[in-house]
Structure formats: C-alpha cells, structure tokens
Amino acid sequence: MPHPIMFHDDDQGLAELRSIALDFPEAFEKVSWGRPVFCAPKMFAMYGGNVKSTEGMVPYPYSLLVKVDDSDRRALEQDKRFFFPAYMGPFGWLGLDFTAAEVDWDEVTELVDASFRLVAPRKLIKQLDERRLEEP
C-alpha cells in the first residue's frame, strides 16, 4: 500500500526548495513516503518530516531534511529550528523547520549543497564545482 501524498505544490517553502535542489547536477524529484525527495541519484534532500515522541509522531510538514556532516551536527542541534527526524535521524539527517523562524534561503542552499556533497558521486561533485567556478 503506497503512502498517501502528504504535501501540496503550494506548501510553504516547497517552490523555493525545488528551485534550489533541482539546480544541482543530474538532480531530480520524486515522491517517496508521500513527500518530495530530491536525488542525484541518491537522496540528498527531502521536504517534510516527523519526529517520534511519547505521544506518537509529531509532523513537521513544512521542513527540509538533509544529511549533515558529523562536524556540523552538534552546532545545528543547538539551534531550535532543527529537529531529529524520525527514521532518517539515525542515518545522519537533520530537519530544518520552515515555520520556526523566517527562512534564510542562503542557509538552505548551503545545507542542501553540503548534503549533496555527502551523497552524490564524485563526478557530480566535480561538475558542481566546475559550474560554480564558471559563475560570476
């Protein structure tokens, strides 16, 4: 039984996240677990998530999930905008709640870039770096 769709195209921050994520080399979007995920070919970003609590699942429908480097994890975990997502958290992922404060899209771009670099093949990272060198 497939997951129900858990987003709308006009959800807060989704259009902006799509624009950022789909700008990476060979990035594409698909729906997994009822949510938009961005892959190249492995997943490097996801829109929306949940947190497990003693009362059950707490939804964070307007959020970004990214893989984070261990060296960045402690600092990000101190920031109240970030959360430990159910299922993904134990595999190095954190969530950024888009409703916790005004979204800094430059920060989102940096988080997505870092996540991409942790999961993408070397050839795609090389393409990204070459493209960034060519930009004014």
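Look up: the structure comes first, before these words.
Quick notes on the rules
- Residues numbered from 1 in each chain as written.
- Predicted model: local features only at pLDDT ≥ 70, side-chain atom pairs only at ≥ 80, totals over all residues.
- Heavy atoms only, no water.
- Axes fitted to C-alpha atoms, helices over the stretch in contact; angles between N-to-C directions.
- Helix = DSSP H or I, 4+ residues; strand = E, 2+ residues; numbered from the N terminus.
- Parallel < 35°, antiparallel > 145°, perpendicular 65-115°, else oblique.
- Left-handed = near helix turned anticlockwise from the far one by under 90°.
- Contact = heavy atoms within 4.5 Å.
- Nonpolar A, V, L, I, M, F, W, Y, C, P; charged D, E, K, R; others polar.
- Phe/Tyr/Trp six-rings, centres within 6.5 Å; stacked < 30°, edge-to-face > 60°.
- Buried < 20%, exposed > 50% of the residue type's maximum accessible area, 1.4 Å probe, protein only.

A.B. asks: Any chance you could explain the packing of helix 1 (residues 14-21) against helix 3 (residues 105-119) here in plain terms?
C.D. replies: A pair of packed helices can be characterised by two numbers: the angle between their axes and the separation between those axes. Two numbers describe how helix 1 lies on helix 3: the axes approach to 10 Å, and their chain directions differ by 45 degrees. Here helix 1 lies oblique to helix 3, going by the angle between them. The crossing of helix 1 and helix 3 is right-handed. The residues of helix 3 that touch helix 1, namely those facing E16, L17, I20 and A21, are W105, V108, T109 and V112. Along the lines of polarity and charge, the residues of the contact of helix 1 with helix 3 split into 6 nonpolar, 1 polar and 1 charged.

A.B. asks: Please clarify how the packing of aromatic side chains should be interpreted in this entry.
C.D. replies: How two aromatic rings sit relative to each other is given by the distance of their centres and the angle of their planes. One pass over the full model with this rule turns up 6 aromatic pairs. Geometrically, the ring pair formed by Y47 and F98 is tilted, given 6.3 Å between the ring centres and 50 degrees between the ring planes. Of this pair, Y47 sits in strand 3 (residues 43-53) while F98 sits in the loop between strand 6 (93-97) and helix 3, placing them 51 residues apart in sequence. A residue is classified by how much of its surface remains accessible, and F98, at 2% relative accessible area, is buried. With a centroid separation of 5.2 Å and an interplanar angle of 65 degrees, the aromatic rings of F98 and W105 are classed as edge-to-face. For W105, a relative accessible area of 25% corresponds to the partly exposed category. An aromatic cluster is built from F24, F44 and F116, whose rings are joined through pairwise contacts.

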